[in-house]
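Examination of the molecular architecture
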Amino acid sequence: RAKHEGRGAIRLFTSAMDKQLRDRRALDHDLRVAVERGELFLEYQPQQHRDGTLKAYEALVRWRHPVRGVIPPGEFIPVAEQSGSIAQIDDWVLMEACREAASWDQPLRIAVNVSAAQFRRENLDAHVRRALRESGLPASRLELEITEGVLIEDIARAKKTMQSLKALGVQIALDDFGTGYSSLSYLEAFPLDRIKIDRSFVMALGQSDRSLAIVRAVIGLAHGLGVPVLAEGIETDGQMSLLLQEGCDEMQGYLIGRPRSLLAAKDGKQSRLCAVS
Ligand code: C2E
Ligand code: MG
Ligand code: MG
Ligand code: MG
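Now for a look at the structure at hand. What you see is a predicted model, and the numbers here were worked out from it, not measured in a lab.

This part is about the side chain of aspartate 175. Assignment of secondary structure puts aspartate 175 in strand β6 (residues 171-177). When near neighbours in sequence (up to four residues on either side) are disregarded, aspartate 175 contacts Glu58, Asn113, Glu145, Ile146, Thr147, Lys196 and Glu232.

Printed below as a string of structure tokens:
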């Protein structure tokens, strides 16, 4: 009997895996035509300085699937990374975000997430240069967000890639800091313009002394190296005041503003309104 049940369990398991695989394939297939069909769109989340002024927007991609509705990036970026369709998506995001930012009245920064696959690409700097040229956005207003993972893979190569990007004049932020294989030596080895403390540490602020200790240490270290710190995922006034007290330079999170479409808000005044919503 036990043997029988065991086999049933295995069959159930494999059919679940089958379904997952089929879903993934279907998603990947749909994704390949999503860019051409114009199904991707960007939302923008404000980043503000500790003095309350709006500094930047982070571009966050979404997919309006014809049947499944709006799909968040966490569900399709990993699929695209594995299948190779990521390059097309990343190119579209970069171009679209630069165009959007170039149309703003205020010279705010635009932060764009760069996937690991994109960062590893041979000619990333050429793609970035082209997006800047075609959009007319000054390089100093573009910030690329990379994660720790891409830095440890191949340090020599990562350094070269970063230097080629810095040579264009763009800024580089280290995203989700603290969640990867954090090595403090990156901070010294790479020319970073900003460190983003991951939401998981911010979430625990006020509830655990340990997270406060980590946040304090990251800010102290970054400042010691002359690198400003941005905290992401701020949702409460309590988190905000602790971060201000610890000397955090910039803030991002639902408390300041949710990611939203800027289609109807192209001029500076309305952009400012977006920041306080
Ligand atoms: P991320 O770069 O760390 O982006 C921040 C994520 O946290 C966003 O989720 C944002 O909506 C969410 N968030 C911001 N503030 C709060 C808050 O106060 N509370 C909570 N609970 N969440 C908050 P989203 O848009 O689902 O993006 C998830 C991840 O997908 C991003 O993490 C980024 O790694 C990736 N991603 C997003 N857009 C792109 C893109 O255009 N290209 C690539 N390669 N990756 C992208
Ligand atoms: Mg990001
Ligand atoms: Mg982040
Ligand atoms: Mg994050």
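Around ligand 1, the surrounding shell holds 22 residues, and the nearest of these are Arg62, Asn113, Asp175, Glu235 and Tyr254. At 3.2 Å from a nitrogen atom of ligand 1 is found a main-chain nitrogen or oxygen belonging to valine 61. For ligand 1, a nitrogen atom lies 3.1 Å from a polar atom in the side chain of arginine 199. In the complex, 82% of the free accessible area of ligand 1, which totals 800 Å², lies under the protein chains. For the shell around ligand 1, the secondary structure elements donating two or more residues are β2 (54-65), α2 (73-83), α3 (86-102) and β6. Across the shell around ligand 1, the residue classes break down as eight nonpolar, five polar and nine charged.

Quick look at the coordination of the magnesium ion (ligand 3) now. Every protein donor of the magnesium ion (ligand 3) is listed here as Asp175 (OD), Asp176 (OD), Glu232 (OE) and Glu232 (OE), and their distances to the metal cover 2.0 to 2.7 Å. Sequence spacing among the residues donating to the magnesium ion (ligand 3) works out to D-D-x55-E. Separating the magnesium ion (ligand 3) and the magnesium ion (ligand 2) is a distance of 3.6 Å, and aspartate 175 donates to both of them. With aspartate 175 in strand β6 and glutamate 232 in the loop between β8 (229-231) and α11 (237-245), this residue pair connects regions lying 57 residues apart in the sequence. By the burial criterion, aspartate 175 is buried, and glutamate 232 matches it.

With distances of 2.3 to 2.8 Å, the protein atoms coordinating the magnesium ion (ligand 4) are Asp176 (OD) and Glu232 (OE). The two metals, the magnesium ion (ligand 4) and the magnesium ion (ligand 2), are separated by 5.9 Å. With a gap of 56 residues between them, aspartate 176 in strand β6 and glutamate 232 in the loop between β8 and α11 connect regions that are remote in the sequence. What makes aspartate 176 partly exposed here is its relative accessible area of 25%.

The biggest cluster of nonpolar side chains holds 74 residues, and the ones touching the most others in it are Ile110 and Leu142. Top contributing element to this core by residue count: α3, with eight residues. Setting aside its immediate chain neighbours within four residues, isoleucine 110 contacts Tyr44, Tyr57, Ala59, Ala97, Ala101, Trp104, Leu137, Arg141, Leu142 and Glu143.

Summarising the element assignment, cysteine 248 is placed in the loop between α11 and β9 (250-251). Sequence separation of cysteine 248 and histidine 223 is 25 residues, and the distance between their C-alpha atoms is 9.4 Å. Filtering out sequence-adjacent residues up to four positions away, cysteine 248 remains in contact with Arg50, Ile219, Val229, Leu230, Ala231 and Leu243.

A word on the pattern of salt bridges. This model, assessed by the stated rule, comprises 14 salt bridges. Between glutamate 58 and lysine 196 there is a salt bridge whose closest N-O contact spans 2.9 Å. Placement of the pair is glutamate 58 in strand β2 and lysine 196 in strand β7 (residues 194-197), with a sequence separation of 138 residues. Take lysine 196: its relative accessible area is 0%, and that puts it in the buried class. For arginine 120, the salt bridge identified is with glutamate 153, shortest N-O distance 2.7 Å. In this pair, arginine 120 is assigned in helix α4 (residues 116-120) and glutamate 153 in helix α6 (residues 148-153), connecting sequence segments 33 residues apart. Note on glutamate 153: relative accessible area 46%, which makes it partly exposed. Members of the salt-bridge network, linked through shared partners, are Glu58, Glu145, Lys196 and Glu232.

Parameters at a glance
The written sequence of each chain sets the order in which its residues are numbered from 1. All chains are assigned letters beginning with A, and all ligands numbers beginning with 1, in the order in which they are written. For a predicted model such as this one, the threshold for reporting local features is a pLDDT of at least 70, and the threshold for listing and counting side-chain atom pairs is 80 or more; totals across whole chains, interfaces and linings nevertheless cover every residue. Note: side-chain values were computed over all heavy atoms of the structure, leaving out hydrogens and water. For helices the rule is a DSSP run of H or I covering at least 4 residues; for strands it is a run of E covering at least 2, with both sets numbered from the N terminus onward. Residues count as neighbours in contact if any of their non-hydrogen atoms are within 4.5 Å of one another. Near is defined per residue: the residue qualifies when any heavy atom it owns lies within 4 Å of the molecule or strand. N or O atoms closer than or at 3.5 Å make up a polar contact, with two conditions inside protein: a donor-capable atom paired with an acceptor-capable one, and, for residues adjacent in sequence, both atoms drawn from side chains. Exposure was quantified through the Shrake-Rupley algorithm and a 1.4 Å probe, taking into account, for residues, occlusion by the shown protein chains and nothing else. Under the convention adopted here, Pro, Cys and the residues Ala, Val, Leu, Ile, Met, Phe, Trp and Tyr are nonpolar, Asp, Glu, Lys and Arg are charged, and Gly plus all remaining residues are polar. In this analysis a donor is any N, O or S atom within 2.8 Å of a metal ion (3.2 Å for sodium, potassium and calcium), and since water is not included, sites may seem incomplete. Buried means the residue's accessible area, taken with a 1.4 Å probe over protein chains only, is under 20% of the maximum for its type, while exposed means over 50%, and partly exposed covers the values in between. Side-chain atoms within 4.5 Å are what join buried Ala, Val, Leu, Ile, Met, Phe, Trp, Tyr and Cys residues into a set we call a nonpolar core. Here, a salt bridge means any side-chain nitrogen of Lys or Arg that lies within 4 Å of a carboxyl oxygen of Asp or Glu.

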